[in-house]
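A structural walkthrough
As a plain string of letters, each chain reads:
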Amino acid sequence: MSLSKFKREDMEFVPNGNVMELRPMQQLRRAKIDAAALKGGRKLRKDEEPRAQMVGRWKPIDDLALLTAMDRVNNVKIVHRVCKFSCMFSLKEVHQRWKALLYSPMDSQTAMTAIENLHPETVATVRANTVLSPEEEEVIMSIKSSESPSLAKFQELIDQNAAIFLRERTAQYLQTYWRELRKYMLLPDQVIAPGEEASYLQSFSEAEAEAFNVNVHEPIDEALDAELELQNRRNRRSIRLLENEITRMSVLVDCGRGPRDLDNNTIACLCGHRVRFLIQHPEINFGRDGNEGSDWKVDVNLALEGPAEKVSRLQGTIKLRNDGIIFIANVGKRTIFVQGEPLLTSHKTRLDDNMLVEICGLTFTFIINPNAIDAVRTQCAKTSEPLK
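Remarks on the overall build of the chain
- What the chain contains, in helices and strands, is 13 helices and 13 strands.
- Nonlocal contacts in the chain, meaning residues at least 24 apart in sequence, comprise 50% of its contacts between residues at least 6 apart.
- Of the roughly 26700 Å² of accessible surface on the chain, 53% is carried by carbon and sulfur atoms.

Description of the packing of aromatic side chains
- Inspection of every chain in the model, using the stated rule, returns five aromatic pairs.
- Their ring planes at 5° and their centres at 4.0 Å tell us that W58 and F89 sit as a pair that is stacked. Linking W58 in the loop between helix 2 (51-57) and helix 3 (60-73) with F89 in the loop between helix 4 (76-82) and helix 5 (91-103), this pair joins segments that are 31 residues apart in sequence.
- Exposure remark for W58: the relative accessible area of 4% places this residue in the buried category.
- A connected cluster of aromatic rings, assembled from ring pairs, spans W58, F85 and F89.
- Cation over ring: K348 sits above F327, and NZ or CZ is 5.3 Å from the ring centre.

Concerning a positive patch on the surface
- A cluster of basic residues, R233, R236, R237 and R240, forms a positive patch on the protein surface.
- Its place among the elements puts R233 in helix 12 (residues 222-255).
- The exposure class assigned to R233 is exposed, which follows from its relative accessible area of 52%.

Looking at the confidence of the model for the chain
- Looking at the chain as a whole, the pLDDT averages 79, with 76% of positions reaching at least 70.
- For the chain, the element scoring lowest by mean pLDDT is strand 2 (residues 19-24), at 48; strand 8 (residues 326-330) scores highest, at 94.
- Note that pLDDT drops below 50 for residues 1-11; the model gives that stretch 13 contacts with residues more than four away or on any other chain.
- Low pLDDT, under 50, characterises residues 248-260; the stretch is placed with 13 contacts to residues that sit more than four places away or in other chains.

Quick notes on the packing of helix 3 against helix 5
- The contact between helix 3 and helix 5 brings their axes to 11 Å, and the two run at 85°. Here helix 3 is positioned roughly perpendicular relative to helix 5, judged by the angle of their axes. Judged by residue contacts, D63, L66, L67 and M70 of helix 3 engage V94, R97, W98 and L101 from helix 5.
- For the contact of helix 3 with helix 5, the class distribution of residues is six nonpolar, no polar and two charged.

Describing unusual backbone geometry
- A positive phi angle, close to 70°, is found at S346, a residue other than glycine.
- Summarising the element assignment, S346 is placed in the loop between strand 10 (341-343) and strand 11 (348-351).
- Despite not being glycine, C360 has its phi angle at roughly 50°, a positive value.
- One can find C360 in the loop between strand 12 (355-359) and strand 13 (362-368).

A few points about the sheet that holds strand 6 (residues 300-301)
- If you trace the five strands from one edge of the open sheet to the other, you get 6-5-7-8-11, paired in mixed fashion. Sheet topology places strand 6 and strand 11 at the edges, where each strand pairs with a single neighbour.
- Two elements, strand 7 (residues 314-320) and strand 8, share five bridges in a ladder whose sense is antiparallel. Considered in strand 8, the bridge of L320 is made with I326.

What to know about the packing of helix 5 against helix 6 (residues 105-116)
- Between helix 5 and helix 6, whose axes approach to 6 Å, the crossing angle comes to 95°. One way to sum up the angle between helix 5 and helix 6 is to call them roughly perpendicular. Across the interface between the two elements, R97, A100, L101 and Y103 of helix 5 pack against P105, D107, S108 and A111 of helix 6.

Rules used in this analysis
Residues numbered from 1 in each chain as written. Predicted model: local features only at pLDDT ≥ 70, side-chain atom pairs only at ≥ 80, totals over all residues. Heavy atoms only, no water. Helix = DSSP H or I, 4+ residues; strand = E, 2+ residues; numbered from the N terminus. Contact = heavy atoms within 4.5 Å. Areas by Shrake-Rupley, 256 points an atom, 1.4 Å probe, with all protein chains shown as cover. Phe/Tyr/Trp six-rings, centres within 6.5 Å; stacked < 30°, edge-to-face > 60°. Buried < 20%, exposed > 50% of the residue type's maximum accessible area, 1.4 Å probe, protein only. Lys NZ or Arg CZ within 6 Å of the ring centre and 35° of its normal. Patch = residues over 30% accessible without salt bridge, like charges linked within 9 Å, V, L, I, M, F, W, Y side chains within 5 Å. Salt bridge = Lys/Arg side-chain N within 4 Å of Asp/Glu carboxyl O. Lys, Arg positive; Asp, Glu negative; His and termini not counted. Charge placed at Lys NZ, Arg CZ, Asp CG, Glu CD. pLDDT = per-residue confidence, 0-100. Axes fitted to C-alpha atoms, helices over the stretch in contact; angles between N-to-C directions. Parallel < 35°, antiparallel > 145°, perpendicular 65-115°, else oblique. Nonpolar A, V, L, I, M, F, W, Y, C, P; charged D, E, K, R; others polar. Pairing = 2+ DSSP bridges.

Encoded structure:
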């Protein structure tokens, strides 16, 4: 890099460890003055505090937010209350920084140089989210509360009032701001009925300041803590009783799904917590239907009960023999648990009434209709068909 563009009276190379750092001469003079004052034993006055400390806290993005907001409202108190800086600056610090940017050529030039080095997207984001000017608010408030404006409406406002709005303003930001005004009854055509005046709403800065001012070292109120602990125990006991009651009620509901609810055409029922699958054919298969548009279908789609991503497309079959015995066979990749016993792939086992069947986390109760089973056995005896 060529050093011809740096003037000697403006910049100077200073050793910093093993490298040479280029620093402004004015900053070095200020550091030398501060060091000389400290060496002589004299304390620095407030107006002689090292500016490096002040500049170090104020980042370029903070300076940009301050300059943009002051250009909009020209009120330090509003800017301090509304703007979100990188640090929690006090009102005095914001005022001092604003005066420094106005009346100190060195601070102003340094800040502007740093702002120019910011990424364009960062600059646009800060300017787009800055506080609205009174003129901008007046244009937004021209939309009545009874309307339902779209983004196109706000974009039209921006295009028609390009001299008023910042060029970084977006229709989405204006729409959100207008909705907040309508929510808190701040639009001109909104009138609060007598007796319905809303209470004062704290801003985020005020609530944050109030939280910081809370004394965390307050004495412990033992009586209050004991009362809170007692109430907490009561609440836990009530929750436990409600949980037990829910369990009892769920058992009653499951019992209500017995053979009395099954017609003569239903052989058995696979009852889950959400749905019941009625088995009306001697042999059915169960698993998971294919994706939308797929032709793969099963007789019992377990996805209707709950998450069935791990269930195989064809997980198993349930078959009724002529002698009235029902078997379940596992033909899928996942293990099926019957009464807690694993049923591996290519194996089968007998299903009896009220047996618990678990498939990939989905739990079912298998209920047999004895009337239908007796009808099958009678028909088998009449026809004298061999057992299958």
